[in-house]
Amino acid sequence: MFIFNVFKVACRRFFLEARTYDTVSISRLLYLHNVKKWSKVACSMLLKSVYQTLWDMTIIGGIIKHYSYFAVPYIVAENPDISPKKAIALSRKMMYGHKWECFKLELSFVGWYLISLLPFGIFEIFFVTPYEEMTYREYYAYLRKEAIEKNVEGSELLNDTYLFEKADPQLLR
């Protein structure tokens, strides 16, 4: 659980960086380890998983909370220092009024999942998953921009500007 959930966050970070920069080294997947935030991110994702599991016991609540917690991995990828409860609360606020929209977005991938079954999952690895991740990345960027514009409580914690605008090349070195 600690490795898989943290790796999901690292992948979100990788795709967010790829959104802005032309080339992103595969070593960026170790970002959380390099900044020594692995355990903090693991705690955030564990709390999200615990909440989701408890809500899943109510069936309808589990579906609703799945979409309420959609942005948690992206929020934690952007700001690994955020507390787990603040990340979950911010995700809920960002997703307010967007759950149906997110459901339709997820539903749009059903055809891609069916196609990915044909060539023994190779399609899924090389085409479907990256396409899906890039779509969700753009959706998060849209939600983030809206939260900042509307001054949603907690949006000041979305403060990694270099994920959304290019840094000076000298600063990157």
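Computed from a predicted structure; not experimentally measured. Every chain begins its residue count from 1, and numbering advances along the sequence as written. The predicted nature of this model means local features are confined to residues of pLDDT at least 70 and side-chain atom pairs, given and counted, to a pLDDT of 80 or more, with totals for whole chains, interfaces and linings taken over all residues. Excluding hydrogens and water, the side-chain figures rest on all heavy atoms present in the structure.

The next point concerns helix 6 (residues 84-95). The helix and strand labels rest on DSSP assignments: H or I over at least four residues marks a helix, E over at least two residues marks a strand, and numbering proceeds from the N terminus. Each helix should span, by expectation, one fewer than its residue count multiplied by 1.5 Å. Here helix 6 is 12 residues long and its end C-alpha atoms lie 17 Å apart, about the 16 Å a rise of 1.5 Å per residue gives. Following helix 6 by one or two positions, Gly97 adopts a phi angle in the positive range, close to 85°.

We now examine the side chain of Asp160. Its location among the elements puts Asp160 in the loop between helix 9 (122-149) and helix 10 (169-172). Relative accessibility thresholds used throughout: buried, under 20% of the residue-type maximum; exposed, over 50%; partly exposed, between the two (1.4 Å probe, protein chains only). A residue is classified by how much of its surface remains accessible, and Asp160, at 14% relative accessible area, is buried. Setting aside chain neighbours within four positions, we find Asp160 in contact with Arg13, Glu78 and Arg144. Two residues qualify as a contact provided that any one of their heavy atoms is within 4.5 Å of a heavy atom in the partner residue.

A pair of packed helices is captured by two measures, namely the crossing angle of their axes and the spacing between those axes. Their axes nearest at 8 Å, the elements helix 4 (residues 60-68) and helix 6 cross at an angle of 95°. Viewed along their axes, helix 4 and helix 6 adopt a mutual orientation that is roughly perpendicular. Contact with helix 4, carried on its side by Lys65, Tyr67 and Ser68, involves Ser91, Arg92 and Met95 of helix 6 and no other residues of that element. Here the residues of the contact of helix 4 with helix 6 are counted per class, giving two nonpolar, two polar and two charged. Orientation is described by axes fitted as lines to C-alpha atoms, over the contacting stretch for helices, and by angles from 0 to 180 degrees between their N-to-C directions. Reported orientations rely on four angle classes, namely roughly parallel under 35 degrees, roughly antiparallel over 145, roughly perpendicular from 65 to 115, and oblique for the rest. Classification used: nonpolar for Ala, Val, Leu, Ile, Met, Phe, Trp, Tyr, Cys and Pro, charged for Asp, Glu, Lys and Arg, polar for all others including Gly.

Further remarks concern the pattern of salt bridges. We define a salt bridge as a contact between a side-chain nitrogen of Lys or Arg and a carboxyl oxygen of Asp or Glu at a distance within 4 Å. Counted under the stated rule, the structure contains 10 salt bridges. A salt bridge links Arg12 to Glu133, with the shortest nitrogen-to-oxygen separation between them at 3.6 Å. Of this pair, Arg12 sits in helix 1 (residues 2-20) while Glu133 sits in helix 9, and the two are 121 residues apart along the sequence. For Arg12, a relative accessible area of 13% translates into the label buried. On the accessibility criterion, Glu133 (12% relative accessible area) is buried. Salt-bridge contacts for Glu153 lead to Lys93; the nearest nitrogen and oxygen are separated by 3.6 Å. With Glu153 in the loop between helix 9 and helix 10 and Lys93 in helix 6, the pair connects residues that are 60 residues apart, well separated along the chain. The exposure class of Lys93 is partly exposed, given its relative accessible area of 33%. Salt bridges linked by common partners bring Arg13, Glu17, Arg28 and Asp160 together as one network.

All we've got here are geometric facts, nothing functional implied.
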